[in-house]
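Per-entry structural report
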Amino acid sequence: MEELPKQTWNSNLYDKKHSYVFKYGEDLLNLLEPKPGEKILDLGCGTGHLTNLIAASGADVTGIDMSSQMIDDARKNYHNLKFLVEDATNFNFDEKFHSVFSNAVLHWIKKKEKVLKCVYNTLTPGGKFVAELGGKNNIHRVESAIRTELIKRGYIRNAELNLWHYPSVGEYASLLEQTGFTVKFISYFNRDTFLNDGDSITDWIEMFGKAFFNGIETFEKSNIIASIQESLKRTNFINNRWFVDYIRLRFVAAKE
Ligand code: BEZ
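Figured I'd write up the structure that's included with this text.

1. A word on the nonpolar core
Residues Val142, Trp204, Ile205 and Phe213 are the most contacted members of the largest nonpolar core, which totals 51 residues. Broken down by secondary-structure element, the contributors of at least two residues to this core are helix 2 (20–32), helix 3 (49–55), helix 4 (68–77), helix 6 (140–152), helix 9 (201–208), helix 10 (218–236) and strand 8 (241–254). Among residues more than four places away in sequence, those in contact with Val142 are Ile201, Trp204, Ile205, Leu232, Asn236, Val244 and Asp245.

Right under this line is the structure:
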């Protein structure tokens, strides 16, 4: 499958319509167990909401994200916190961190080995990496519906784009171990995720899947997405609400 141009982010739309991303991330903080004074790195912090929750524990937290728009908004949202534009596959801080936290980001990063190496190198011995990402077959129905409709209309190259990487438990545990981590906990579970009331699968596709439609004229793109939405009505619409068939992979990995 073909590589993609970089995803760009509309941080306003992200906060307004997709707040469930960081709402679900709150649960992941129970695995992080941040403590006062601990140095914690929030990798792919977006607009900073989870970074702020980590900071509320008294930890000394730094948020990093590849998107300067996300970081601008994070700084506006939380003036007192540290946020930096950094590439997750190529960062190196003088200070070391007790923990690295990451929610719903790793499946966007193609260079998996590189990001894990950076995380490993930035941790103190005894430090831990706590993360959640999309697991094997995550959003399978939505992704298949997008590809099927694009193929039907002759947009074969668009349909072949490979936007995300969703590893299995075995695959990711091996990667973590090859990097040097000890996997303390790993979990794979379904989490059908309902969109905000009144929002549709079109909103989700326009936010997260827009690269699939690169080069397609606006009117045609709207028609395609409308057809995708229609085809997903049977499987991803219940009691008047849209949901996405998320499957999560969660882990705690230690640098011993
Ligand atoms: C996820 O969190 O699983 C996800 C979010 C946006 C696009 C694809 C997957």
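Let's pick the thread back up.
2. Looking at the pairing of strand 5 (residues 123–134)
The buried count for strand 5 comes to 10 of 12 residues, which makes it a mostly enclosed element. Bridge count between strand 4 (residues 97–103) and strand 5: six bridges; the pairing is parallel. Of the residues in strand 5, the one forming a bridge with Val100 is Phe129. Handedness of the crossover joining strand 4 and strand 5 through helix 5 (residues 112–122) is recorded here as right-handed.

3. Focus: the packing of helix 9 against helix 10
The contact between helix 9 and helix 10 brings their axes to 9 Å, and the two run at 130 degrees. Judged on the interaxial angle alone, helix 10 and helix 9 are oblique. Here the hand of the crossing between helix 9 and helix 10 comes out right-handed. From helix 9, Ile201, Thr202, Ile205 and Glu206 reach across to helix 10, where they touch Ile225, Ile228, Gln229 and Leu232. A breakdown of the residues in the contact of helix 9 with helix 10 according to their chemical character gives five nonpolar, two polar and one charged.

4. Quick look at the site of the ligand
Around the ligand, the neighbouring residues are Ala104, His107, Trp108, Asn138, Trp164, Tyr166, Trp204, Phe208, Tyr246 and Arg248. Contact between the ligand and Asn138: an oxygen atom at 2.7 Å from a side-chain N or O atom of the residue. Here Arg248 contributes a side-chain N or O atom positioned 2.7 Å from an oxygen atom of the ligand. In isolation the ligand offers 260 Å² of accessible surface; the protein chains occlude 98% of this area.

5. A closer look at the pairing of strand 3 (residues 82–85)
For strand 2 (residues 60–65) and strand 3, the ladder comprises four bridges, and the chain directions are parallel. Bridging across to strand 3, Asp65 finds its partner in Val85. In terms of handedness, the path from strand 2 via helix 4 over to strand 3 forms a crossover that is right-handed.

6. Some points on the pattern of salt bridges
Opposite charge on two side chains permits pairing when their charged atoms draw close. Scanning the model with the defined rule gives 15 salt bridges in all. As a salt-bridge pair, Arg191 and Glu132 come within 3.1 Å of each other at their nearest N and O atoms. Taken together, the residues span a long stretch of sequence, with Arg191 in strand 6 (residues 182–194) and Glu132 in strand 5 at a distance of 59 residues. For the pair shown, Arg191 and Glu132 are each scored as buried.

7. So, the environment of Leu176
One can find Leu176 in helix 8 (residues 169–179). Here Leu176 is in contact with Leu116, Phe129, Phe181, Val183, Phe251 and Ala253, once residues within four sequence places are set aside.

8. A short note on the packing of aromatic side chains
If you walk through the whole model with that rule in mind, you get 13 aromatic pairs. Ring centres 6.0 Å apart and planes at 35 degrees place the aromatic pair Phe129 and Phe181 in the tilted group. Placement of Phe129 in strand 5 and of Phe181 in the loop between helix 8 and strand 6 is noted, with a sequence separation of 52 residues between them. Exposure class is identical for Phe129 and Phe181. Each is buried. Between Phe237 and Trp242, the ring centres sit 4.7 Å apart and the planes meet at 45 degrees, which makes this aromatic pair tilted. For Phe237, a relative accessible area of 25% corresponds to the partly exposed category. Following the ring pairs from residue to residue traces out a cluster consisting of Trp108, Trp164, Tyr166, Trp204, Phe208 and Phe212. One cation-aromatic arrangement involves Lys233 over Phe237; the distance from NZ or CZ to the ring centre is 5.5 Å. Its guanidinium or amino end placed over the ring of Tyr120, Lys255 lies 4.6 Å from that ring's centre, counting from NZ or CZ.

Thresholds, definitions, all that
- Residues numbered from 1 in each chain as written.
- Predicted model: local features only at pLDDT ≥ 70, side-chain atom pairs only at ≥ 80, totals over all residues.
- Heavy atoms only, no water.
- Core = buried A, V, L, I, M, F, W, Y, C linked by side-chain atoms within 4.5 Å.
- Buried < 20%, exposed > 50% of the residue type's maximum accessible area, 1.4 Å probe, protein only.
- Helix = DSSP H or I, 4+ residues; strand = E, 2+ residues; numbered from the N terminus.
- Contact = heavy atoms within 4.5 Å.
- Pairing = 2+ DSSP bridges.
- Right-handed = clockwise from strand over helix to strand, strands pointing away.
- Axes fitted to C-alpha atoms, helices over the stretch in contact; angles between N-to-C directions.
- Parallel < 35°, antiparallel > 145°, perpendicular 65-115°, else oblique.
- Left-handed = near helix turned anticlockwise from the far one by under 90°.
- Nonpolar A, V, L, I, M, F, W, Y, C, P; charged D, E, K, R; others polar.
- Near = heavy atom within 4 Å.
- Polar contact = N/O pair within 3.5 Å; in protein donor to acceptor, adjacent residues only side chain to side chain.
- Areas by Shrake-Rupley, 256 points an atom, 1.4 Å probe, with all protein chains shown as cover.
- Salt bridge = Lys/Arg side-chain N within 4 Å of Asp/Glu carboxyl O.
- Phe/Tyr/Trp six-rings, centres within 6.5 Å; stacked < 30°, edge-to-face > 60°.
- Lys NZ or Arg CZ within 6 Å of the ring centre and 35° of its normal.

By themselves these figures say nothing about function.
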